[in-house]
Amino acid sequence: MERLSIVVPCFNEEETAEHFYQAASAVCAALPGVETEFIFVDDGSRDRTLPILKELAGRDRRVRWLALSRNFGKEAALLAGLEHARGDYVAVMDADLQDPPELLPQLLEAVRGEGYDCAAVRRVDRKGEPPIRSWFARQFYKLINKMSRTEIVDGARDYRLMTRQMADAVARLTEYNRFSKGIFSWVGFRTKWVETENVERAAGESKWSFFKLLLYALDGIIAFSTAPLAVASVLGLVFCVIAFFAIIFVIVRQLLWGGSAFGWPSLVCIILFLAGVQLFCIGIVGQYLAKTYLEVKKRPIYILRESGGGSGDEKQG
Ligand code: UDP
Ligand code: MG
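Please read these numbers as outputs of a predicted model, since none were measured by experiment. (Residues numbered from 1 in each chain as written. Chains lettered and ligands numbered in written order. Predicted model: local features only at pLDDT ≥ 70, side-chain atom pairs only at ≥ 80, totals over all residues. Heavy atoms only, no water.)

**Student:** Tell me what's going on with the site of ligand 1, and back it up with residues and numbers.
**Tutor:** Around ligand 1, a shell composed of 16 residues is seen, among which Glu13, Asp43, Asp96, Gln98 and Ser206 lie nearest. Here an oxygen atom of ligand 1 sits 2.5 Å away from a polar atom, N or O, in the side chain of Gln98. Surface burial for ligand 1 is 91%, taken as the share of its 530 Å² of free accessible area covered by protein chains. Its residues placed into classes, the shell around ligand 1 shows 5 nonpolar, 4 polar and 7 charged. (Near = heavy atom within 4 Å. Polar contact = N/O pair within 3.5 Å; in protein donor to acceptor, adjacent residues only side chain to side chain. Areas by Shrake-Rupley, 256 points an atom, 1.4 Å probe, with all protein chains shown as cover. Nonpolar A, V, L, I, M, F, W, Y, C, P; charged D, E, K, R; others polar.)

Right, dumping it as structure tokens:
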């Protein structure tokens, strides 16, 4: 019998965890030739998520839970789950039922029957999402795909099912700034894309504010592209060339007509503009430096407070 591990990061999901478990286990019961294990990762929830997960584990031996010591973010929670998954196949899903469990048989078939290493879901529309947010999201995908050689698929959800081998590869990338859409693509392997319509959250609300998403997008760009660093040098070069010709112009004008001490307002504008460009470029360099700083500290990506479920053995630590 092969085993499928389903990794579910949960942050304040008291309203959805139970629904998710019901829906997913109904689908999994019908999966031929695999037994399922659930790995719920409580990402430092401040509501009743953890007690609910423990209760689920008490009812069902297939449920295991991990509790992180604080909120480390979804990417860290995913890594924790991947590292603890023991299955021959590993699926990652959101707890809010935005990743329809009904697709699991199709994903499993793609990996087990059709020879893919990974089957992933992308949504073909963004209905139910604020239009401004969709617009920004689309621009982000255009930009990052121009700037980075790692392909980031527009509309890709973090819902996928992969082989043990690929899950191990993903877990081996221990970078601190985790942008999983990039990481899944970077490790390679053959991926089948399954398309679906956007599903709205079953209950509760999204943990992503617009500002959080913007920072996440910046993280993604910086983690998978060094193009912004080149932007800084190209801008600098362009301005040097402009300045060179401007100096020649000023000298020639002085020699031919003299008395060129006018136009200081334009000078102030130029100085302000160049100062802005310089600050912008230093900012870009600073971003990379900050990321490098965090990486070299080699801090663990998450800290486990306790875990349990499965065979019933609860561990502290
Ligand atoms: N999540 C998490 N830690 C966080 C934020 C989110 O583990 O800091 C989990 C959350 O519980 C859910 C999944 O990540 O299972 C996706 O979150 P959400 O539905 O809020 O994101 P959206 O679907 O709006 O992109
Ligand atoms: Mg969601």
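More follows now that the structure is in view.
**Student:** Could you give an account of the environment of Ile282, naming the residues involved and the relevant values?
**Tutor:** Note on placement: Ile282 falls in helix H10 (residues 264-296). Given a relative accessible area of 57%, Ile282 falls into the exposed group. Between the C-alpha atoms of Ile282 and Leu229, which are 53 residues apart in sequence, the distance is 9.6 Å. (Helix = DSSP H or I, 4+ residues; strand = E, 2+ residues; numbered from the N terminus. Buried < 20%, exposed > 50% of the residue type's maximum accessible area, 1.4 Å probe, protein only.)

**Student:** Describe in detail the side chain of Thr36, supporting the description with residues and values.
**Tutor:** Relative to the elements of secondary structure, Thr36 occurs in strand E2 (residues 34-42). In this structure Thr36 comes out as buried when scored by relative accessible area, which is 5%. Residues contacting Thr36, with those up to four places away along its chain left out, are Leu4, Ile6, Cys28 and Arg62. (Contact = heavy atoms within 4.5 Å.)

**Student:** I'd like a description of the packing of helix H1 (residues 17-29) against helix H2 (residues 49-59), backed by residues and values.
**Tutor:** Between H1 and H2, the least distance of the axes is 10 Å, while the angle of their chain directions is 30°. Looking at the two axes, H1 sits roughly parallel to H2. The handedness of the crossing between H1 and H2 comes out as right-handed. Residues Ala17, Glu18, Tyr21 and Gln22 of H1 form the contact with H2, whose own contacting residues are Ile52, Leu53, Glu55, Leu56 and Arg59. Looking at the contact of H1 with H2 residue by residue, the classes come out as 5 nonpolar, 1 polar and 3 charged. (Axes fitted to C-alpha atoms, helices over the stretch in contact; angles between N-to-C directions. Parallel < 35°, antiparallel > 145°, perpendicular 65-115°, else oblique. Left-handed = near helix turned anticlockwise from the far one by under 90°.)

**Student:** Describe the coordination of the magnesium ion (ligand 2), with residues and values.
**Tutor:** At this site the magnesium ion (ligand 2) is bound by Asp96 (OD) and Gln98 (OE1), with donor distances of 1.9 Å. The exposure class assigned to Asp96 is buried, which follows from its relative accessible area of 3%. With a relative accessible area of 18%, Gln98 lands in the buried category. (Donors = N, O, S within 2.8 Å, 3.2 Å for Na, K, Ca; no water.)

**Student:** Please set out the pattern of salt bridges residue by residue, giving values where relevant.
**Tutor:** Under the counting rule described, the total for this entry stands at 18 salt bridges. Note that Arg59 and Glu18 form a salt bridge whose closest N and O atoms lie 3.0 Å from each other. Note that Arg59 is positioned in helix H2 and Glu18 in helix H1, a separation of 41 residues in sequence. What makes Arg59 partly exposed here is its relative accessible area of 46%. Residue Glu18 is classed as partly exposed on the basis of its relative accessible area, which comes to 26%. Each of Lys74, Asp94, Asp99, Arg157, Asp158 and Lys181 takes part in one network of salt bridges that share partners. (Salt bridge = Lys/Arg side-chain N within 4 Å of Asp/Glu carboxyl O.)

**Student:** Can you break down the state of the cysteines residue by residue, with the values?
**Tutor:** Disulfides are covalent bonds that link the sulfur atoms of two cysteine residues. Counted under the stated rule, the structure contains 0 disulfides. With no disulfide of its own, Cys28 lies closest to Cys10 among cysteine sulfurs, the gap being 15 Å. According to the relative accessible area criterion, Cys28 is buried, its value standing at 2%. The thiol of Cys281 is unpaired, and the distance to the nearest cysteine sulfur, on Cys240, comes to 11 Å. (Disulfide = S-S within 2.5 Å.)

**Student:** An account of unusual backbone geometry is needed here, citing residue identities and associated values.
**Tutor:** Within the chain, Phe189 stands out as a residue other than glycine whose phi angle is a positive 70°. Structurally, the position occupied by Phe189 is in the loop between helix H7 (180-186) and strand E7 (191-196). Unusually for a residue other than glycine, Lys298 sits at a positive phi of about 55°. Tracing the backbone through its elements, the reader meets Lys298 in the loop between H10 and strand E8 (304-309).

**Student:** Any chance you could break down helix H5 (residues 131-147) for me, citing the residues and the numbers?
**Tutor:** The terminal C-alpha atoms of H5 lie 24 Å apart, and with 17 residues this matches the ideal 24 Å at 1.5 Å per residue to within 8%. Where H5 is buried, its residues meet H7 and helix H8 (210-224). (Expected span 1.5 Å × (residues − 1).)

**Student:** Which residues make up the packing of aromatic side chains, and what values do they have?
**Tutor:** Counted under the stated rule, the structure contains 11 aromatic pairs. Note on Phe140 and Phe179: the rings are 6.3 Å apart at their centroids and 85° apart in plane angle, and the pair reads as edge-to-face. Taken together, the residues Phe140 in helix H5 and Phe179 in the loop between helix H6 (164-172) and H7 connect sequence positions 39 residues apart. Residue Phe140 shares its accessibility class with Phe179, and that shared class is buried. Feature note: the residues Phe140, Tyr141, Phe179, Tyr216 and Phe224 constitute an aromatic cluster, connected by ring pairs. Between the NZ or CZ atom of Arg70 and the centre of the ring of Phe72, over which it lies, the distance is 3.9 Å. (Phe/Tyr/Trp six-rings, centres within 6.5 Å; stacked < 30°, edge-to-face > 60°. Lys NZ or Arg CZ within 6 Å of the ring centre and 35° of its normal.)

**Student:** Please set out helix H3 (residues 74-84) residue by residue, giving values where relevant.
**Tutor:** With respect to burial, H3 is a largely interior element, 8 of its 11 residues being buried. Taken as a whole, H3 has its buried residues at Glu75, Ala76, Ala77, Leu78, Leu79, Ala80, Gly81 and Leu82.

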